[in-house]
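This is what each chain is made of:
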Amino acid sequence: ARAQPTMTRWITPTRCAVLLLLLSTTEALLPQQQQSVVQRVVGRRPVPAVQRRAVERQEEAPARRALVIGGSGRVGASTVRWLDAFARAEGRRLALTVGGRDGRNFESTRERWRRQDAALSDVAFREVDLNDAASLRAAVADADLVVHTAGPFQGVREPKVLDACLAEAQRRPLAYVDVCDETELCRLVKSTEYRERAAASALRAVVSAGIWPGASALMALDAIDLFFEDDDTERALEDVAVDFDFFTAGTGGAGPTIVSATFLLLVTPALVYRNGEPRERPAWTEPRSVTFGSNVNAGRAVTTRLLDCPEVLTLVETLKASNTPRFATISAASRFATAPELWNRLFGACKAILPAELLADRAAMQRLALFSEPIVRLVDALVGSQNVMRVRVEHTNGGASSSTTRRRPAVEATHVHEDLEAAVGIATAAFALDVLDDAFASEAAGGGGPPPSGSILWPADLPALRREAILRRVLEAPGTQSYEVRREEAGR
């Protein structure tokens, strides 16, 4: 009777992490086939070329002020770097400020920028407390663009930064972007309350606007367009499945936040849609084998498992609300895997061994992630930091039309980038500059009168030309190894 409490006391997060991380390091040291790195190729159906918005290049054009909250972290620092790079390349004047809790972390980040040869010596720092409404209001009052990258977002139920921006936008235009990967928070900001508050303001906002979620939604819409490209008005409505599969080598270079977020997601039910109906499934279940290509995991198959991602909610609900009656029903799910394989076993073991209350403890998971960071960095150095996104669109067998509709070939869109940290910064910066342009479009055109009404959008809500421009920015940035949108050959 006394043995069980003793064992429970011995199985601590620290001991489990040390044992499993040591095992993962051993696996990473084993000889592996060299991954091939290919030149960026746009596949059989490239992203349509669109003319980017004209950017004012006159010296007298006003400089825009961008505040990146969480800009000292890996995701935020990458966003700052790419905001600066895009602005310089496009002739924009953009004054960048990092918002955070600790100036010492910012100085460490500044040193890392120097090692990366990033020209960011003029980036300012401002202390911001996410739990202090007055601090947030004062910070956003000095910005034209607010980018919120201070995760993890799991378990957050109040969008405090967005609330501060909505209040500030009562008196002037303001742009807002975040990298929220918490499904319930994404659902909240499209509620009637937030729609009405946005419409009464001059805020232009896009939430969940990183790499995944974010760019992956744009890829999904690209794949769906190809799936229905030869649309026949005589054809019946179709039962369609959209499956997201994500893969990173190690942590993708994105740091402790992605580790703690994954632990938190292990106790978060994964939202899936089955024939149009939302359901919750246990995280890290329903494995399936995916081969991403010859330049991923040395061409070997990867086992992905269910993990909650807002893209499932945002894409399906946007498609259901659209005026294009192409679907009888929509099914969707999101899965994830990492390398080395023992990382995946680590997540499964933690879910099986550790109490759900502990895994749901944000502070405890952040401490565990920080404690394991040295070993995580070692594994990252050995396995790389590649990021892969695949979206597959195909018929599903469960709907009413499945037996009466002539089947279309399945379509897959796959994007491979050499580094997750860079990829998320590129995508977030691409969304941010698009939303900034949108917020100040009437002012740039010399228009007078009151600013247009505000809105809070998901990436899939954006008009097609804006989606294509954002995706092209992502694809043309350095580090993209391949992007292909293709139909599966008949008979496969």
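**Points about the overall build of the chain**
Counting its secondary structure elements, the chain contains 17 helices and 16 strands. Burial analysis of the chain (492 residues in total) assigns 55% to the buried set. When contacts within the chain are restricted to residue pairs at least 6 apart in sequence, those whose partners lie at least 24 apart make up 85%. For the chain, the exposed area adds up to about 21,200 Å²; of that, 51% sits on carbon and sulfur atoms.

**Quick notes on helix α5 (residues 133–140)**
Counting along an α-helix, one turn takes 3.6 residues, and residues three or four places apart therefore face a common direction. Considered for burial, the residues of α5 that qualify are Ser135, Leu136, Ala139 and Val140. One face of α5 carries all of its buried residues, which in axial projection span an arc of 120°. Counted as exposed and oriented over 90 degrees from the buried face of α5: Ala133 and Ala134. Contacts from the buried residues of α5 go to β1 (64–69), β3 (124–127), β4 (145–148) and α6 (160–168).

**With respect to the packing of aromatic side chains**
The geometry of an aromatic ring pair is captured by two quantities: the separation of the ring centres and the angle between the planes. Counted under the stated rule, the structure contains 12 aromatic pairs. Pairing Trp212 with Phe336 gives two aromatic rings, centres 5.6 Å apart and planes at 40°, and the pair type is tilted. You can see Trp212 sitting in the loop between β6 (203–206) and α9 (215–227) and its partner Phe336 sitting in strand β12 (residues 327–339), a full 124 residues away along the chain. Judged by relative accessible area, which is 5%, Phe336 ranks as buried. Consider the rings of Phe244 and Phe246, whose centres lie 6.0 Å apart with planes at 20°: the pair is stacked. The two residues Phe244 and Phe246 agree in class, both being buried. What links up through ring pairs into an aromatic cluster is the set Trp212, Phe244, Phe246, Phe263, Trp284, Phe336 and Phe347. Sitting above the plane of the Trp458 ring, Lys190 keeps its charged end 3.9 Å from the centroid.

**What to know about the packing of helix α3 (residues 74–89) against helix α15 (residues 420–439)**
Between α3 and α15, the least distance of the axes is 7 Å, while the angle of their chain directions is 55°. In terms of orientation, α3 and α15 fall into the oblique class. Seen along the crossing, α3 lies across α15 with a hand that is right-handed. In contact with Arg74, Val75, Ser78, Thr79, Trp82, Leu83 and Phe86 of α3, α15 contributes Glu421, Ala422, Val424, Gly425, Ile426, Thr428, Ala429, Ala430, Ala432 and Leu433. Partitioning the contact of α3 with α15 into residue classes produces 11 nonpolar, 4 polar and 2 charged.

**Regarding the packing of α3 against helix α4 (residues 103–115)**
Contact pair α3 / α4: the axes reach a minimum separation of 11 Å and the direction vectors enclose 50°. Between α3 and α4, the interaxial angle falls into the category oblique. Between α3 and α4 lies a crossing of right-handed hand. Touching Arg74, Ala77, Val80 and Arg81 of α3 are Thr109, Arg112 and Trp113, all from α4.

**Notes on the confidence of the model for the chain**
Here the chain shows a mean pLDDT of 84. Residues at 70 or above account for 80%. In the predicted structure, residues 22–59 sits below a pLDDT of 50 and forms 85 contacts with residues beyond four places in sequence or in another chain.

What counts, and at which threshold
- Residues numbered from 1 in each chain as written.
- Predicted model: local features only at pLDDT ≥ 70, side-chain atom pairs only at ≥ 80, totals over all residues.
- Heavy atoms only, no water.
- Helix = DSSP H or I, 4+ residues; strand = E, 2+ residues; numbered from the N terminus.
- Buried < 20%, exposed > 50% of the residue type's maximum accessible area, 1.4 Å probe, protein only.
- Contact = heavy atoms within 4.5 Å.
- Areas by Shrake-Rupley, 256 points an atom, 1.4 Å probe, with all protein chains shown as cover.
- Arc of directions from axis to C-beta.
- Phe/Tyr/Trp six-rings, centres within 6.5 Å; stacked < 30°, edge-to-face > 60°.
- Lys NZ or Arg CZ within 6 Å of the ring centre and 35° of its normal.
- Axes fitted to C-alpha atoms, helices over the stretch in contact; angles between N-to-C directions.
- Parallel < 35°, antiparallel > 145°, perpendicular 65-115°, else oblique.
- Left-handed = near helix turned anticlockwise from the far one by under 90°.
- Nonpolar A, V, L, I, M, F, W, Y, C, P; charged D, E, K, R; others polar.
- pLDDT = per-residue confidence, 0-100.

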